Amino acid sequence: MSGSAYFPWSFPLRKSGGLLLAGLFLSSGVLRAAPDVEAARTLLRQGNYSAALTAAEAAFTDPFHDREAWHLMRIEALMATGQYPEALQAVQEALGIDPRSLRLKWAARDVFLANGDKAAADSIPAEIQQFVTIRSRAYRDVKSIVVYGQALVELGEDPKIVLDKVYTVAAKMDPAAREPLLAAANLALRKNDFALAAKKFQATLKLFPDDPDLLHGLALAFASGDRRSMAANLDAALAVNPSHVPSLLRLADYRIDAEKYAEAEELLVKVQKVNPHRPELWAYRAVLAHLKNDPAAESAARAAALKFFPANPLPDHLIGRKLSQKYRFAEGAARQRQALEFDPAYLPARAQLSNDLLRLGDEDEGWKLAATVRDEDAYDVAAFNLMTLHDAMTAGFTTLHNENFQVRMKASEAAIYGPRVLELLDQAREKLGRKYGIEVVRPTIVEIFPEQKDFGVRTFGMPDNPGYLGVCFGRVVTAVSPAANQGRAVNWEAVLWHEFCHTVTLQATRNKMPRWLSEGISVYEERQADPSWGEHMDADYRRKIVSGKLTPIASMSSAFLSPPTPQDLQFAYFQAGLVVSWLVEKHGPDVLKSILSDLAEGTPINETLTKRAAPMEAIERDFAAYARSLADRFGPALNWDPPPPPLLLPGAEEALADWVKSHPDNYWIFLREADRLIGEKQYAAAKAPLQSLIDRAPALTGVDSPWRMLAAVHRALGETESERAVLTKLTAADAAAPDANLRLAELAADAGDWTTAETQARRALAVNPLIAAPWRTLARAAESNRHLPNAISAWRTLLALEPPNPSSVHYQLARLLHQSGSPEARRQVLMALEETPRHRAALELLQKISSDSPTPPTPPSSATSPLPAPPPKLPE
């Protein structure tokens with residue numbers, strides 16, 4: 001209805017007392033509530049609903065009371081405590097006295113919905129618009145203006161117009177008013193514009209720092225990207241109002257995500273004491289019952305959620321959303337369909353169903369639904385981002401496929417490493433499917449995105465989710481391409497193997513497995529596929545284990561939910577993989593299959609661990625001892641204490657020297673000394689501290705690995721054989737060391753060791769296939785080994801990389817094609833000469849090709865065919 005709304009206060013504003021006031025507005029501009037009203041509002045804000053209700057009912061005996069304010073307070077207190085029929089009676093009484101109050105009308109809308117009268121609720125926005133259109137001068141107070149804006153949003157008005165012409169005007173009329181600021185923040189939140197919502201909530205909290213509704217709103221704005229800030233704001237809201245039901249519910253939601261189900265139920269008990277009929281309370285209990293495989297309790301909880309509003313779409317939408325967050329997309333989608341049966345226009349269910357279908361691989365219906373959400377709500381940021389991505393993928397992506405997989409990736413990248421993607425996935429499918437006894441449903445859809453933001457939109461609905469490399473939903477896998485890994489070395493082959501392992505284990509359990517076990521098996525299977533893949537012990541992981549930072553296995557999924565730092569998230573992956581390794585070592589290789597089978601039947605993880613391994617108390621104790629023993633065996637001859645920071649400052653050299661004497665063989669001092677000597681180009685002297693580190697902890701890898709530093713030292717000293725030996729050990733242990741791979745390939749090529757050169761080039765390509773050097777090595781290695789098809793393929797890939805010297809590549813390709821007898825050689829050599837007309841070797845090759853090619857016979861003349869035959873078409 002954009003453009004049809006009426007804005008009665010859109011006449012010119014004039015300045016008065018430093019504020020912009022509407023011309024016909026009362027001098028104060030704001031209704032000043034009596035002190036007793038403000039005191040009662042404080043009771044509401046602090047969660048003392050019964051006292052606020054008592055105060056409101058007592059105020060009705062005063063003939064001079066502010067009837068609208070007290071009616072609203074009474075209604076709010078009744079709604080907060082789940083007294084929905086009583087709230088309906090209170091609304092009817094209030095509207096009987098003041099039928100044209102916009103604020104009472106808007107409060108009535110929520111009351112009607114709570115009591116299942118959707119028709120009455122749906123009529124309210126149009127009634128409000130009609131009131132304002134007919135009696136505009138009666139509704140120029142700030143609170144009525146805000147209600148008018150809220151009604152316009154429900155009627156489909158352009159949110160930007162409402163923000164600019166309603167909420168902004170109201171805020172200017174009274175900059176200290178809470179209502180327009182809260183309405184604007186909630187509008188941004190509703191449209192999934194979380195950054196704008198956070199900004200507005202934070203600004204409003206400066207004026208109202210102890211407002212639990214504002215703190216809760218800010219928590220929701222942080223929920224998708226900063227869980228720690230979300231939790232902090234929820235705690236702040238509950239400090240003001242321990243009975244703030246929205247905050248308690250959101251915390252329960254958070255506990256369910258963390259698989260802390262008992263804690264979630266404790267929070268729901270608190271909600272029930274305040275409002276025993278809140279639909280979300282019973283929807284969350286239905287989720288918990290579903291996760292416990294208790295269908296009777298689930299059905300009873302859902303029925304309780306629908307008690308007062310049997311066609312309420314919210315409970316099924318909420319149940320489905322939580323099930324989908326547990327990767328139970330089929331069950332989640334069924335709930336969204338039920339919600340849409342209740343209300344076909346309920347956009348949250350339609351948006352969630354579109355995401356569920358896309359993650360189930362039902363893309364035709366999923367994308368169509370996403371388009372309808374975008375068309376009906378053009379200002380929903382998530383819907384807009386998703387459809388913008390869809391259009392970009394349609395234009396710039398291509399699909400590679402075989403009988404098992406559909407791989408979608410940028411067309412230019414598919415030409416370079418797409419075949420290797422399919423080859424690797426087929427290997428993973430065969431090996432992992434056979435190991436876990438699973439015939440994986442065909443096809444698995446894999447989408448690889450060259451930009452992190454596009455991966456974020458497809459995976460999470462929002463672009464800002466840095467740090468993730470891939471996500472598996474079951475039949476659908478999303479991943480970032482090597483092009484997005486700027487500044488970080490990531491083995492994309494290991495990532496795809498890891499994610500496809502999720503496909504296998506999720507199918508094996510019917511998507512009923514905890515996050516930590518799913519990640520742990522994937523990390524474990526990475527290492528089984530290639531010992532250099534996966535997470536490995538390092539100095540930081542050792543420190544965390546020794547200092548008691550292991551997360552209890554019973555609640556380990558919580559470590560993935562809101563880690564304090566990216567390093568803590570990586571440690572969660574490491575620990576999960578370590579638990580799986582320990583289970584296999586202690587209880588045999590079949591223990592994983594048994595656990596997955598139990599999970600598929602609905603057995604909770606801690607019960608199946610007790611059944612298949614040992615009681616949880618023993619598991620926790622024995623695993624902690626196992627992890628500690630691994631940490632103790634990692635560099636046992638090293639002292640791992642970090643030097644106190646003040647000792648590293650200039651002027652503290654003597655104190656540091658004294659500290660070193662009392663901490664011999666210190667890891668950090670060895671590393672620091674080696675770095676200093678290399679910086680001073682004392683390469684020969686740097687060997688000693690580096691060799692000391694390697695002797696004491698040979699498994700050290702990563703950016704600060706002494707192996708890397710020692711290889712650089714040997715290179716600087718011209719000690720090629722020693723450099724080669726060090727690089728060989730480094731690359732065998734570290735799957736993300738492309739510089740070392742390329743250097744070792746170079747040394748091997750110089751020595752004519754083409755087998756090693758090819759191996760190292762391929763390991764470099766597993767990190768970044770979008771650089772030329774390893775492809776050039778592969779071409780040379782294949783030619784030296786007389787594998788012309790492989791050499792030709794490598795040169796073609798170099799052309800796809802758009803090299804700065806394409807004439808040289810065209811020439812090499814033409815030369816090999818001519819050797820293989822392909823007529824395409826002429827075309828390639830001509831392309832080389834087109835780029836570099838004086839390319840001597842290309843000119844000579846063209847002459848050779850021409851002399852080697854037989855002259856085609858001249859066709860006989862014919863009276864009926866006066867024109868010569870057309871020349872043969874060049875191959876594409």
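Residues numbered from 1 in each chain as written. Predicted model: local features only at pLDDT ≥ 70, side-chain atom pairs only at ≥ 80, totals over all residues. Heavy atoms only, no water.

Draft legend 1. The arrangement of the packing of helix H13 (residues 245-257) against helix H15 (residues 279-291) in detail. Packing of H13 against H15 brings their axes to within 11 Å, and their N-to-C directions diverge by 15 degrees. As judged from the angle between their axes, H13 and H15 are roughly parallel. With respect to the hand of their crossing, H13 and H15 are arranged in left-handed fashion. Each of Leu-249, Asp-253 and Ile-256 in H13 lies in contact with H15, whose residues at this interface are Glu-280, Leu-281, Tyr-284, Val-287, Leu-288 and Leu-291. Classifying every residue of the contact of H13 with H15 by side-chain character gives seven nonpolar, no polar and two charged. (Axes fitted to C-alpha atoms, helices over the stretch in contact; angles between N-to-C directions. Helix = DSSP H or I, 4+ residues; strand = E, 2+ residues; numbered from the N terminus. Parallel < 35°, antiparallel > 145°, perpendicular 65-115°, else oblique. Left-handed = near helix turned anticlockwise from the far one by under 90°. Contact = heavy atoms within 4.5 Å. Nonpolar A, V, L, I, M, F, W, Y, C, P; charged D, E, K, R; others polar.)

Draft legend 2. Quick look at the layout of surface pockets. Quantified by volume, the second largest pocket comes out at close to 730 Å³. As for the second largest pocket, its lining consists of 32 residues, and the residues nearest its centre are Arg-420, Glu-423, Arg-762, Trp-775 and Leu-778. Sort the elements by how many residues they give to the lining of the second largest pocket and helix H22 (residues 411-436) lands first, with eight residues. For the lining of the second largest pocket, the per-class residue count stands at 18 nonpolar, six polar and eight charged. (1 Å grid on protein atoms, 1.4 Å probe; cavity = no way out; pocket = protein on both sides within 12 Å on 5 of 7 lines; lining within 4 Å. Points joined across faces, edges and corners; volume = space filled by probe spheres on them.)

Draft legend 3. Unusual backbone geometry, seen in detail. In this model, Arg-442 is joined to Pro-443 through a cis peptide bond whose omega is -15 degrees. Along the chain, the position of Pro-443 falls in the loop between H22 and strand E5 (444-449). For Tyr-327, which is not glycine, the phi torsion reads 70 degrees and is therefore positive. Looking at where Tyr-327 falls in the secondary structure, it is placed in the loop between helix H17 (313-325) and helix H18 (329-342).

Draft legend 4. Focus on the packing of aromatic side chains. Within this structure, the stated rule accounts for 19 aromatic pairs. Both rings, one in Phe-623 and one in Tyr-626, keep their centres 6.3 Å apart while their planes meet at 35 degrees; by these two values the pair is tilted. Remark: Tyr-626 and Phe-623 occur in helix H30 (residues 616-633); sequence separation between them is three residues, near one turn of the helix. Pairwise contacts between aromatic rings join Phe-634, Trp-640, Tyr-667 and Trp-668 into one cluster. Over the face of the ring belonging to Trp-282 we find Arg-285, whose NZ or CZ atom lies 4.9 Å from the ring centre. In this structure, Lys-544 is placed above the aromatic ring of Phe-571, and the distance from its NZ or CZ to the ring centre is 6.0 Å. (Phe/Tyr/Trp six-rings, centres within 6.5 Å; stacked < 30°, edge-to-face > 60°. Lys NZ or Arg CZ within 6 Å of the ring centre and 35° of its normal.)

Draft legend 5. Structural context of the nonpolar core. Ranked by internal contacts, the top residues of the largest apolar core, which has 125 residues, are Val-407, Trp-516, Leu-517, Ile-521, Ile-553 and Leu-609. Among the elements that make up this core, the one with the highest residue count is helix H27 (residues 566-587) (12 residues). If sequence neighbours within four positions are ignored, Ile-553 has contacts with Trp-516, Val-579, Leu-609, Met-616, Ile-619, Glu-620 and Phe-623. The next biggest cluster of nonpolar side chains, apart from the first, holds 106 residues, and it includes Leu-53, Val-162, Leu-251 and Ala-301. (Core = buried A, V, L, I, M, F, W, Y, C linked by side-chain atoms within 4.5 Å. Buried < 20%, exposed > 50% of the residue type's maximum accessible area, 1.4 Å probe, protein only.)

Draft legend 6. Just the confidence of the model for the chain, in detail. Of all residues in the chain, 93% have pLDDT values of 70 or greater, and the mean over the chain is 91. Confidence drops under pLDDT 50 across residues 11-35; counting only partners more than four residues distant or on other chains, this segment forms 30 contacts. Long-range and interchain partners of residues 857-876, a stretch whose pLDDT sits below 50, account for four contacts in this model, where long-range means more than four residues apart. (pLDDT = per-residue confidence, 0-100.)

Draft legend 7. Quick peek at the pairing of strand E7 (residues 476-480). Where burial is concerned, most of E7 is hidden: five out of the five residues are buried. Here E7 shows two buried faces, one formed by Val-476, Thr-478 and Val-480 and the other by Val-477 and Ala-479. Relative to E7, strand E6 (residues 470-472) runs antiparallel, the two being bridged by three bridges. Across the sheet, Cys-472 pairs through a bridge with Val-477, a residue of E7. Once E6 ends, the chain turns through three residues before running back antiparallel as E7, passing Gly-474 with a positive phi of about 120 degrees. (Pairing = 2+ DSSP bridges.)

Draft legend 8. Highlighting the environment of Tyr-284. Examined against the element boundaries, Tyr-284 turns out to sit in helix H15. The class for Tyr-284 is buried, based on a relative accessible area of 5%. Sequence separation of Tyr-284 and Ala-305 is 21 residues, and the distance between their C-alpha atoms is 9.4 Å. Contact partners of Tyr-284, with chain neighbours within four places excluded, come to Leu-249, Asp-253, Ile-256, Leu-268, Leu-318, Arg-321 and Lys-322. At a separation of 2.8 Å, a polar atom in the side chain of Tyr-284 contacts the side chain of Asp-253. (Polar contact = N/O pair within 3.5 Å; in protein donor to acceptor, adjacent residues only side chain to side chain.)

Draft legend 9. Focus on empty space enclosed by the protein. Under the criterion given, the structure shown has two cavities of 30 Å³ or more. Empty space within the largest cavity amounts to approximately 70 Å³. Counting only elements with at least two residues in the lining of the largest cavity, the list comes to E7 and helix H24 (492-508). The element contributing the most residues to the lining of the largest cavity is H24, with three residues. In terms of residue class, the lining of the largest cavity is made up of 10 nonpolar, one polar and no charged.

Draft legend 10. Here's a closer look at the pairing of strand E4 (residues 405-410). Both strand E3 (residues 397-401) and E4 contribute to a ladder of five bridges, which runs antiparallel. Looking across to E4, one finds that Leu-400 is bridged to Val-407. In this structure, the hairpin formed by E3 and E4 is closed by a connection of three residues. Here five bridges tie E4 to E5, and the two strands are oriented parallel to one another. The partner of Phe-405 across the bridge, within E5, is Thr-444. A crossover links E4 with its parallel partner E5, the connecting element being H22, and its sense is left-handed. (Right-handed = clockwise from strand over helix to strand, strands pointing away.)

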